[in-house]
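Each chain, written out:
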Amino acid sequence: MFRSFATVVAVSVLSGCASPAVEEDIVTGIVTYGDEPVWEGHLVLVGEGRLSVADLQPDGSFAMVNPPLGTVQVAVSNHPKGPAPSDPVVTGLPGQAECIIPPRVSFELPRRFADPEKSGLTVEIRRGRQQVSLPLPLQSDDPPPVRKPGRVLGSAIGDEAPE
């Protein structure tokens, strides 16, 4: 009797009958400013009396689990600093190699985007999995993103090249 009861319980658990799976609401997407990805920053969604925050990746992408649902306000802040978001590239022969940082886009977003009340941005978030695109609109007095050229950091033996 015990063996057959244990078999029924094991089969139920393995087949997913033990408890229903709770599906998470997940929103993913990309944040851009002037057609360039926004990196080294945060995306904030505000709604339902709460907020959710996601880190922006080097390609401008984000993922957020269980965000507020419905029409939510959007805030985006960035703080570009330091090296380019992509890895430096090492080129050359052994003993003659150079470390090069590829070109990148550097900019600071207008401050209005950091405040969900002032950004003017909203997005509709629904249950389940969803992908959204969040292009931040440029206004006539906004600074455009500026592409900075790549540069040589130095040789692989530690010399730093002049800029």
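Placed above this text is the structure.
Described below are features of the structure shown in this document.

Calculation criteria
- Residues numbered from 1 in each chain as written.
- Predicted model: local features only at pLDDT ≥ 70, side-chain atom pairs only at ≥ 80, totals over all residues.
- Heavy atoms only, no water.
- Helix = DSSP H or I, 4+ residues; strand = E, 2+ residues; numbered from the N terminus.
- Buried < 20%, exposed > 50% of the residue type's maximum accessible area, 1.4 Å probe, protein only.
- Contact = heavy atoms within 4.5 Å.
- Areas by Shrake-Rupley, 256 points an atom, 1.4 Å probe, with all protein chains shown as cover.
- Phe/Tyr/Trp six-rings, centres within 6.5 Å; stacked < 30°, edge-to-face > 60°.
- Lys NZ or Arg CZ within 6 Å of the ring centre and 35° of its normal.
- Salt bridge = Lys/Arg side-chain N within 4 Å of Asp/Glu carboxyl O.
- Pairing = 2+ DSSP bridges.
- Axes fitted to C-alpha atoms, helices over the stretch in contact; angles between N-to-C directions.

## Describing the overall build of the protein chain
Okay, step 1: Within the protein chain one finds one helix and 13 strands.
Okay, step 2: Taken from N to C terminus, the helices and strands of the protein chain fall in the order α-β-β-β-β-β-β-β-β-β-β-β-β-β.
Okay, step 3: When the 163 residues of the protein chain are sorted by exposure, 31% land in the buried category.
Okay, step 4: For the protein chain, the share of sequence-separated contacts (at least 6 apart) that also reach a separation of at least 24 residues comes to 66%.
Okay, step 5: Carbon together with sulfur atoms contributes 57% to the accessible area of the protein chain, which is approximately 10500 Å² in total.

## Things to note about the packing of aromatic side chains
Okay, step 1: If you walk through the whole model with that rule in mind, you get one aromatic pair.
Okay, step 2: Ring centres of Y33 and F113 lie 6.3 Å apart, and the angle between their planes is 75 degrees; this geometry places the pair in the edge-to-face category. Linking Y33 in strand β1 (residues 26-33) with F113 in the loop between β9 (104-106) and β10 (122-125), this pair joins segments that are 80 residues apart in sequence.
Okay, step 3: Under the relative-accessibility criterion, F113 is labelled buried at 0%.
Okay, step 4: Taking the ring centre of F113 as reference, the NZ or CZ of R112 above it sits at 4.4 Å.

## Some words on the pattern of salt bridges
Okay, step 1: What the rule picks out here adds up to three salt bridges.
Okay, step 2: A salt bridge links D25 to R127; the shortest N-O distance between them is 2.8 Å. In this pair, D25 is assigned in the loop between α1 (2-14) and β1 and R127 in the loop between β10 and β11 (129-136), connecting sequence segments 102 residues apart.
Okay, step 3: By relative accessible area, which is 62% here, R127 ends up exposed.
Okay, step 4: Among the salt bridges present, the one from E48 reaches R50, with a minimum N-O distance of 3.6 Å.

## Some thoughts on the environment of L51
Okay, step 1: If you trace the backbone, L51 turns up in strand β4 (residues 50-55).
Okay, step 2: Of the residues examined, L51 reaches a relative accessible area of 52% and is grouped as exposed.
Okay, step 3: For the pair formed by L51 and V74, sequence separation is 23 residues and the distance between their alpha carbons is 9.7 Å.
Okay, step 4: Setting aside chain neighbours within four positions, we find L51 in contact with V44, L45 and V46.

## Section: unusual backbone geometry
Okay, step 1: You will see that D35, though not glycine, has its phi angle at about 70 degrees, which is positive.
Okay, step 2: Its location among the elements puts D35 in the loop between β1 and β2 (36-37).
Okay, step 3: A relative accessible area of 74% means that D35 is categorised as exposed.
Okay, step 4: Unusually for a residue other than glycine, N66 sits at a positive phi of about 55 degrees.
Okay, step 5: For N66, the position within the fold is in the loop between β5 (61-65) and β6 (70-78).

## A closer look at the environment of G60
Okay, step 1: Considering the arrangement of structural elements, one finds G60 in the loop between β4 and β5.
Okay, step 2: Taking the C-alpha atoms as reference points, G60 and H42, 18 residues apart in sequence, are found 9.9 Å from one another.
Okay, step 3: Dropping the residues within four chain positions of it, G60 is found in contact with G29, I30, V31, P37 and V38.

## Observations regarding the sheet that holds β4
Neighbouring strands of a sheet are bound in pairs by backbone hydrogen bonds; such pairs are parallel or else antiparallel.
Okay, step 1: The strand order across the open sheet formed by four strands is β4-β3-β6-β10, and the pairing between neighbours is antiparallel. The open sheet has two edge strands, β4 and β10, and neither has a second partner. Ignoring which end each strand starts from, the neighbouring axes of this sheet average 30 degrees apart.

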